[in-house]
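Below, each chain spelled out in residue letters.
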Amino acid sequence: MSTNFNRKDLLGIRELSPAEITHILDTAESFRDVSRREIKKVPTLRGRTVINLFFEASTRTRTSFEIAAKRLSADAINISASSSSVTKGETLLDTARNLEAMAPDCIVIRHNCAGAPHQLARICRAGIVNAGDGSHEHPTQALLDALTIREHKGGIEGLKVAIIGDILHSRVARSNIHLLTALGASVSVAGPGTLVPKDFTELVEKGLRVERRIEDAIEGADVVMILRIQRERQTSAFFPSMREYAVHYGLHLEHLTLASQDAIVMHPGPMNRGIEISSEVADGSRSLILDQVSNGVAVRMAILYLLAGGGRAGGDVDDTTKRIGE
Ligand code: CP
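Residues numbered from 1 in each chain as written. Predicted model: local features only at pLDDT ≥ 70, side-chain atom pairs only at ≥ 80, totals over all residues. Heavy atoms only, no water.

1. Quick word on the overall build of the protein chain
And step 1. Tallying secondary structure elements over the protein chain gives 13 helices and 9 strands in all.
And step 2. In summary, the protein chain has a C-alpha radius of gyration of 19 Å against a globular reference of 20 Å for 326 residues, a match within 12%.
And step 3. Structurally, the protein chain occupies a C-alpha span of about 50 × 45 × 35 Å along its principal axes.
And step 4. Here the protein chain holds 326 residues, and the buried ones make up 57% of them.
And step 5. In the protein chain, once contacts between residues fewer than 6 apart in sequence are set aside, the share between residues at least 24 apart is 75%.
And step 6. As presented, the protein chain carries roughly 13600 Å² of accessible surface, and 49% of it is formed by carbon and sulfur atoms.
And step 7. Taking the 39 positively charged and 40 negatively charged side chains of the protein chain as two groups, their mean positions are separated by 4 Å. (Helix = DSSP H or I, 4+ residues; strand = E, 2+ residues; numbered from the N terminus. Rg over C-alpha atoms; globule rule 2.2 N^0.38 Å. Buried < 20%, exposed > 50% of the residue type's maximum accessible area, 1.4 Å probe, protein only. Contact = heavy atoms within 4.5 Å. Areas by Shrake-Rupley, 256 points an atom, 1.4 Å probe, with all protein chains shown as cover. Lys, Arg positive; Asp, Glu negative; His and termini not counted. Charge placed at Lys NZ, Arg CZ, Asp CG, Glu CD.)

2. Some details on the pattern of salt bridges
And step 1. Inspection of the entire model under this criterion finds 17 salt bridges.
And step 2. Here E66 ties to K70 by a salt bridge, and the two come within 2.6 Å at their closest N and O atoms. A residue pair is termed a helical-turn pair when its members lie 3 or 4 positions apart in one helix, as E66 and K70 do in helix α2 (residues 60–71) at 4 residues.
And step 3. Its relative accessible area of 16% is what places E66 among the buried residues.
And step 4. The exposure class of K70 is partly exposed, given its relative accessible area of 38%.
And step 5. With a shortest N-O distance of 2.9 Å, D216 and R213 are connected by a salt bridge.
And step 6. Owing to a relative accessible area of 45%, R213 belongs among the partly exposed residues under this scheme.
And step 7. Several salt bridges share partner residues, and in doing so they unite D26, E29, R32, R36, R150 and E151 into one network. (Salt bridge = Lys/Arg side-chain N within 4 Å of Asp/Glu carboxyl O.)

3. Brief notes about the layout of surface pockets
And step 1. Estimates place the volume of the largest pocket at around 320 Å³.
And step 2. Contributing elements (two or more residues each) for the lining of the largest pocket: α2 and α6 (171–182).
And step 3. Residue composition of the lining of the largest pocket, grouped by class: 5 nonpolar, 8 polar and 7 charged.
And step 4. As for the second largest pocket, its lining consists of R14, H136, E137, R174, H178, D199, F200, E202 and L203.
And step 5. Contributions of two or more residues to the lining of the second largest pocket are made by α6 and α7 (201–205).
And step 6. When grouped by side-chain class, the residues that make up the lining of the second largest pocket number 2 nonpolar, 2 polar and 5 charged. (1 Å grid on protein atoms, 1.4 Å probe; cavity = no way out; pocket = protein on both sides within 12 Å on 5 of 7 lines; lining within 4 Å. Points joined across faces, edges and corners; volume = space filled by probe spheres on them. Nonpolar A, V, L, I, M, F, W, Y, C, P; charged D, E, K, R; others polar.)

4. Section: the packing of aromatic side chains
And step 1. According to the stated counting rule, one finds 2 aromatic pairs in the structure shown.
And step 2. Judged by centre distance (5.4 Å) and plane angle (65°), the rings of F31 and Y305 are edge-to-face. Taken together, the residues span a long stretch of sequence, with F31 in helix α1 (residues 18–32) and Y305 in helix α11 (residues 289–308) at a distance of 274 residues. (Phe/Tyr/Trp six-rings, centres within 6.5 Å; stacked < 30°, edge-to-face > 60°.)

5. Description of the site of the ligand
And step 1. Close to the ligand lie S58, T59, R60, T61, R110, H138, Q141, P268 and G269, which account for all nearby residues.
And step 2. With respect to the ligand, the side chain of R110 contributes an N or O atom lying 2.9 Å from an oxygen atom.
And step 3. The backbone of P268 places a nitrogen or oxygen atom 2.9 Å from a nitrogen atom of the ligand.
And step 4. When its residues are assigned to classes, the shell around the ligand shows 1 nonpolar, 6 polar and 2 charged. (Near = heavy atom within 4 Å. Polar contact = N/O pair within 3.5 Å; in protein donor to acceptor, adjacent residues only side chain to side chain.)

6. Considerations on empty space enclosed by the protein
And step 1. Under the definition given, this model contains 1 cavity of 30 Å³ or more.
And step 2. One number sums up the size of the largest cavity: a volume of about 30 Å³.
And step 3. As for the largest cavity, its lining consists of K160, V161, S186, V187, S188, R209, A217 and E219.
And step 4. Elements represented by at least two residues in the lining of the largest cavity include exactly β5 (160–164) and β6 (186–190).
And step 5. For the lining of the largest cavity, the leading source of residues is β6, giving 3 residues.

This is the structure in structure tokens:
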């Protein structure tokens, strides 16, 4: 499989073509096997350096980027804002310039400001990966979600996907809506009126349906994607109480009787059990929540490979997944 991904950075899904998205997913599929081996390591990025620069909390994204880099034999360095010189007043761009002076090949950044990764991309030679910027985009989450859907449904085109919850503050929702509509799925979103953006006109023109009732979005859905209430981004009261939110927008087993018979349930994590999703659903047979996490490693291996390794150099991914010593 030769590559045709010629970008320096991965900043968002919106700017990717369907062919580029499909190419990343195909590459991730090739890397999935590495994590199933006894020796989970290939020499693909030996001698390359990946810096994880996280200004916001993370369990899944930061850990899986580190695991992905290490499984590709790259050197992985983790920096969190709380233990960096940002606490002494250094700016984001000065931090980036100083990291760049140490010649990393990729910088993975999570920041609470939309557009922070784009600023780094303009001044850095290293490939920049957006690991979540404010409420804007979380491209690798949408890619791992798509890989999970493809694995269980065989494809994306023609599927009905319901995205439920705090759409307004969700970078996961935005990236997923761009990706799923680009690949031909039909997407509905539902949430309290205060948590659904008013500026979705462009997406509505592309076929996005906006529902107020969770039941209307779930009706006939092949995929039900639940989002977390992002209390850390809410600057005012968007609904009267968590209890009321759970009553009107929490996903319970009985909701799934409205969905298609083999509907799958997804959640990007972290979950607020008993608020946006019941434990019965989260731990039930339709839940793919931990499959999403596993696929996160494969997708992040693919992105690091495409940006720092064979991707831009025109390498062959089938060669790169060979075991060390083969
Ligand atoms: N889904 C996700 O981004 O999880 P983390 O915040 O734990 O990285």
